[in-house]
Structures are given as C-alpha cells and as structure tokens.
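# Remarks on the overall topology
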Amino acid sequence: MTALADLLRKQIRSTGPMTLAQYMAACLLHPEHGYYTTQDALGADGDFTTSPEISQMFGELIGLCLAQAWIDQGAPERFALVELGPGRGTLIADVMRATLQVPGFHAAAELHLVEASERMRGKQAAALPAARPTWHDTAETLPDDIPVYAIANEFFDALPIRQFQRDPKGWREVMVGLAQDGRLERGLSDPAPIDALNRRLDDTEPGALIETCAHGTAIIDALARRIAGQGGMALIIDYGGWHSDGDTFQAVRGHRPVDPFAEPGRADLTAHVDFEALARAALIAGCAATQLTNQGVFLERLGITPRAQSLAKGLAGDALDAHVAAHRRLTHPDEMGSLFKVLGLYPGTESPPPGLDP
Ligand code: SAH
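The structure reproduced in this document is the subject of the present report. (Residues numbered from 1 in each chain as written. Predicted model: local features only at pLDDT ≥ 70, side-chain atom pairs only at ≥ 80, totals over all residues. Heavy atoms only, no water.)

So, about helix α1 (residues 3-15). Along its 13 residues, α1 runs 19 Å from first to last C-alpha, staying within 8% of the 18 Å computed at 1.5 Å per residue. Downstream of α1 by one or two residues, Gly-16 has phi in the positive range, about 95°. (Helix = DSSP H or I, 4+ residues; strand = E, 2+ residues; numbered from the N terminus. Expected span 1.5 Å × (residues − 1).)

Next up on the list: empty space enclosed by the protein. Under the counting rule described, the total for this entry stands at two cavities of 30 Å³ or more. A volume near 40 Å³ is recorded for the largest cavity. Ala-69, Asp-72, Gln-73, Met-233, Glu-350, Ser-351, Pro-352, Pro-353 and Pro-354 together form the lining of the largest cavity. Split by residue class, the lining of the largest cavity holds five nonpolar, two polar and two charged. (1 Å grid on protein atoms, 1.4 Å probe; cavity = no way out; pocket = protein on both sides within 12 Å on 5 of 7 lines; lining within 4 Å. Points joined across faces, edges and corners; volume = space filled by probe spheres on them. Nonpolar A, V, L, I, M, F, W, Y, C, P; charged D, E, K, R; others polar.)

Quick look at the state of the cysteines now. Scanning the entire structure with this criterion turns up zero disulfides. Lacking any disulfide linkage, Cys-27 is separated from the closest cysteine sulfur, that of Cys-213, by 15 Å. Classification of Cys-27 by relative accessible area gives buried; the value is 1%. (Disulfide = S-S within 2.5 Å. Buried < 20%, exposed > 50% of the residue type's maximum accessible area, 1.4 Å probe, protein only.)

This brings us to the layout of surface pockets. To find leftover empty space, one rolls a probe the size of a water molecule over the atoms. In this model, the largest pocket occupies a volume close to 630 Å³. Sorting the residues of the lining of the largest pocket by element identifies α2 (20-29), α4 (51-54), β2 (79-84), α6 (90-98) and α9 (214-230) as the ones contributing at least two each. Tallying contributions element by element places α9 first for the lining of the largest pocket, with four residues. By residue class, the composition of the lining of the largest pocket is 21 nonpolar, eight polar and eight charged. In this structure, the second largest pocket spans a volume of roughly 530 Å³. As for the second largest pocket, its lining consists of 28 residues, and the residues nearest its centre are Thr-212, Cys-213, Ala-214, Thr-217 and Ala-277. In terms of residue count, the dominant contributor to the lining of the second largest pocket is helix α10 (residues 275-284) (five residues). Class assignment for the residues of the lining of the second largest pocket results in 16 nonpolar, five polar and seven charged.

In space, the three strands of this open sheet follow the order β12-β11-β13, with antiparallel pairing throughout. A single partner strand is all that each edge strand has here, and the edge strands are β12 (256-258) and β13 (268-270). Strand-to-strand twist across the sheet, computed as the mean angle between neighbouring axes with direction ignored, equals 40°. Here strand β11 (residues 250-253) runs beside β13; their pairing, made up of three bridges, is antiparallel. (Pairing = 2+ DSSP bridges. Axes fitted to C-alpha atoms, helices over the stretch in contact; angles between N-to-C directions.)

Here we come to unusual backbone geometry. The residue Glu-154 is not glycine, and still its phi comes out positive at about 50°. Here Glu-154 is to be found in the loop between β5 (148-153) and β6 (162-167). The backbone phi angle of His-255 is positive, close to 65°, even though this residue is not glycine.

Contacts to the ligand come from 18 residues, most closely from Thr-50, Gly-85, Gly-87, Glu-115 and Asn-153. The separation between an oxygen atom of the ligand and a polar side-chain atom of Thr-50 is 2.5 Å. Interatomic distance of 2.7 Å between a backbone N/O atom of Asn-153 and a nitrogen atom of the ligand. Put simply, the ligand lies in the largest pocket. In terms of residue class, the shell around the ligand is made up of nine nonpolar, six polar and three charged. (Near = heavy atom within 4 Å. Polar contact = N/O pair within 3.5 Å; in protein donor to acceptor, adjacent residues only side chain to side chain. Sits in = over half its atoms within 2 Å of the grid points.)

Have a look at this one:
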C-alpha cells in the first residue's frame, strides 16, 4: 500500500467514487506522492524508454524539421520554441544541438517548456546548461505575441482520461471506488445520456468502451489558437490511433505492465491518444491539421537512413550493433515505427511541416 492509496481511500470514503481522470491526475502529479513528482520515470533504469532516449537521431531530425518549418515561414526574427512534457530534456537538448548551424535560428528562439513536475524541471535545466528556458505549468501561459513552434513526444498519453461504456440507456462512466476489503477497484456509474458523446453513437455498439481526454483538447486549443493567429507549427508524436476505441488505460513499472490500482503513484499511467479528437480541436481553433502519419514514415522522409549511415561510419562492435538496433526500433513497423504516430498543426495559409502531408 502507498501513502497515496491511503489518501485516495479517505477521499472516496468521504465524497464517493472518483472518475478515472481524477485518479490518474492524483497518481501522476500529486505534489507529494505523484509518479512524476517522486520517481525517475524515464530511461533504461526507469519504467519506460522514449524515442529521444533511444537515439540522438530522433531529436536531430525533429530539430531540422522545426528549423525548416521556421525558414519556410520566412524565418521570423523572434519565436517561441516550445516543448510540452520534456522529461529528462534529451529531446530539446538534441534539437538545440542539431540547429546550432542553422543561421539565425538560435538568436530568434525563446525556449518555453511546459512541465508540471519540479523534479523533471531540474533534470531539464541540467540537460540545457547554456539555455535559459521559461517553465510553464500549462500551455495557457505560453507567449501570445510571437510564432510558436512546438513539440510534444509522449506527452498527450500521460494526460488524464475518462472512460465511458455504451449502454442501451446512455453511457456508464468508469469510476474508481472501494472494494469490501478497502482495496481500490474499478466500477461503473449508472447509465445516463451524455450529449457530448452523441457523435460516438454512430460508430459504436452497446457495450463499447470509449475514452475522452478534455485536458488534451484544452491544450490543443491553447496551442492551435496561437499557431493560427501568430504563426508557427506543432508536432504531436505519440502512440494511439485516429479514434478512441476500447480500453487503452495501462500502468507500467520497470518496463512491465502492472495493475493500475495496486500501488497508486508508483507506476506510469497512460492511455492511447485519440488523434481525431486533437485534430478536431485544432480545426475548431482555426488551425490546419496534417494527415496522421506513422513515425517510421515521418522519420524516413526527414532522412533518418542517411543520418544513420553517416553516424555508423564512426562506430564498431557493440556500439554499432546498438546504433543499428536503435534505428530499427524507431522506424520498423513491428517496433515503434507504426504504433507511434505524428500529427502536425500549422496555419492554413502556410505549407505543412516537412515530412507530413496536408
Ligand atoms: N517527452 C519526453 C518525456 C515524456 S514523459 C520524452 O520523449 O522522453 C511525460 C512528461 O510530461 C514528463 O516530463 C512529465 O513530468 C510531464 N507531464 C505529465 N503530465 C503533465 C501535465 N499535465 N502538465 C505538464 N507536464 C506533464
């Protein structure tokens, strides 16, 4: 049992079962006991590994994509370079290194990082010794007077979701309550019609389970309003699909799936990203959205193979094997190449970011 489990039990006893979103938010970001506030989440020693932690090529190619998009939009002389949920800071550090040679890019860039965890902010500061980033708790406070060039890798999957099961009488919401013996357990609310879910009545059957992420669409709204009005673009990279379909809520600890209710605050909790919902929110905010593209295809279009070959020339033995394996892991359809997807947001008057189709 964890200290957070005791707190959640007390809360449920006094106010009743909580939504999955309330549970996820407490588990991930509780100021004292949350996963991101207390654990070393990322990397080989942590609970999961992300693309920038697998190879420097990922951040380098994203950096060149950002720089090309900036050039394509006339190289504005001031812009916000934004990362949402930068983790250990590896991706943004690789982006900065890869763009050093792009004339004017660093002089024009103001670095803004959206990060809720103080502990993670410390790691990001250490990864960026030469930069002076501004940290934000939310996307709402990002600059509203200069173009915004934003990246988010494995950020949206960490945002709290709610789950609803379709019933002949409406929708039943998945709730977190208490079993007889006091353990936290999953339950279902009574069914009720929910207007906001009406559009999902056409493509689901009774019994189907869908997920919503209000937090994610609110962040896209804040980003897309800025991109549409001020210029710039965003790359959203994550696992998921075009549509939320089925239960994708999962807990991972030590690179293995675990029971999400067993030790709140000790495991990483995620859900697949519903890219259709994000693209809709962007369009409503006046921004254009690209086609959803597999990570492997996107990285190939940006030139990962020639970059991998050039890096391979300096390597031998185990280092070369690891490099070849990393290239495969990022791009191969059986690995992260097709599970991970990329969505680009951009002003409708401009061309889409390199590597993505309108
Ligand atoms: N992008 C990084 C790390 C992904 S882990 C990589 O690719 O390696 C998710 C990151 O998002 C962590 O830094 C976590 O602290 C942060 N985070 C999670 N939920 C957040 C929220 N609601 N608001 C701001 N940051 C959040």
